[in-house]
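Letter by letter, the chains look like this.
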Amino acid sequence: AGMQFVPQQEIIFLESSGNYTKFYLLNKKEILVSRQLGEYEKLLPANDFLRIHDKYLVNLPHITEYLKGTGGQVVMLNGHTLPVAVRRKDELLSRFDKWLKRG
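(A) Geometry of the sheet that holds strand β5 (residues 56-59). What the five strands build is an open sheet, ordered β3-β2-β1-β5-β4; its pairing is antiparallel. Because the sheet does not close on itself, it has two edges, and the strands there are β3 (30-33) and β4 (49-53). When the angles between neighbouring strand axes are averaged without regard to direction, this sheet yields 20 degrees. Sheet topology places strand β1 (residues 11-17) next to strand β2 (residues 20-25); six bridges connect them, and they run antiparallel. Residue pairing across strands places F13 opposite Y24, the latter belonging to β2.

What follows is the structure, given as structure tokens:
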């Protein structure tokens, strides 16, 4: 099938699907890749990408809203609402603080 190169900023989020990972992109495309999410978590820069759940790795600049709750949820630029695992909530919120201070 060859290779496809996608600029990091084009990635809205990644979703784990067993041994596969699905990329959700700004151009509304979805790409399914036969590698596990953990591999991409190691490859993508941690200052922009955060694992918010066992199933989801998000590109922080593409979060449009945080909805409060036990773990809470994030609304992504493409309208998808993703759950935040309770154990990952503090990390996410502290990253928001850093983002806000950067601006």
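Having put the structure on the table, let's press on.
(B) Summary view of unusual backbone geometry. For K28, which is not glycine, the phi torsion reads 75 degrees and is therefore positive. With respect to the helices, strands and loops of the structure, K28 is situated in the loop between β2 and β3. For K28, a relative accessible area of 75% puts it in the exposed group.

(C) Structural detail: the layout of surface pockets. Of the volumes computed, that of the largest pocket is approximately 560 Å³. Lining the largest pocket are 16 residues; nearest its centre among them are Q4, F5, F23, V33 and Y40. Those elements that provide at least two residues to the lining of the largest pocket are β3 and α1 (37-43). Take the lining of the largest pocket: its biggest share by element is three residues, from β3. When grouped by side-chain class, the residues that make up the lining of the largest pocket number 12 nonpolar, three polar and one charged.

What counts, and where the lines are drawn
- All residue numbers refer to position in the chain's written sequence, counted from 1.
- Totals for whole chains, interfaces and linings use every residue, but because this is a predicted model, local features are given only for residues with pLDDT of at least 70 and side-chain atom pairs only at 80 or more, for both listing and counting.
- By convention in this description, side-chain values take in all heavy atoms of the structure and omit both hydrogens and water.
- A pair of strands is labelled paired if DSSP reports no fewer than 2 bridges between them.
- Numbering goes from the N terminus for both helices and strands, where a helix is a DSSP run of H or I of at least four residues and a strand is a run of E of at least two.
- For helices, the fitted axis covers only the stretch in contact; all axes are lines through C-alpha atoms, and the angles between them, taken along N-to-C directions, range from 0 to 180 degrees.
- Partly exposed residues are those whose accessible area sits between 20% and 50% of the maximum for their type, while under 20% is buried and over 50% is exposed, using a 1.4 Å probe and protein chains only.
- The way it works is a 1 Å grid over only the protein atoms, where trapped points that fit a 1.4 Å probe form a cavity and open points with protein on both sides within 12 Å along at least five of seven lines form a pocket, and then any residue with an atom within 4 Å of a point lines it.
- Grid points are joined across faces, edges and corners, and a volume is the space filled by probe spheres set on the points.
- Charged means Asp, Glu, Lys or Arg here, nonpolar means Ala, Val, Leu, Ile, Met, Phe, Trp, Tyr, Cys or Pro, and polar covers whatever is left, Gly included.

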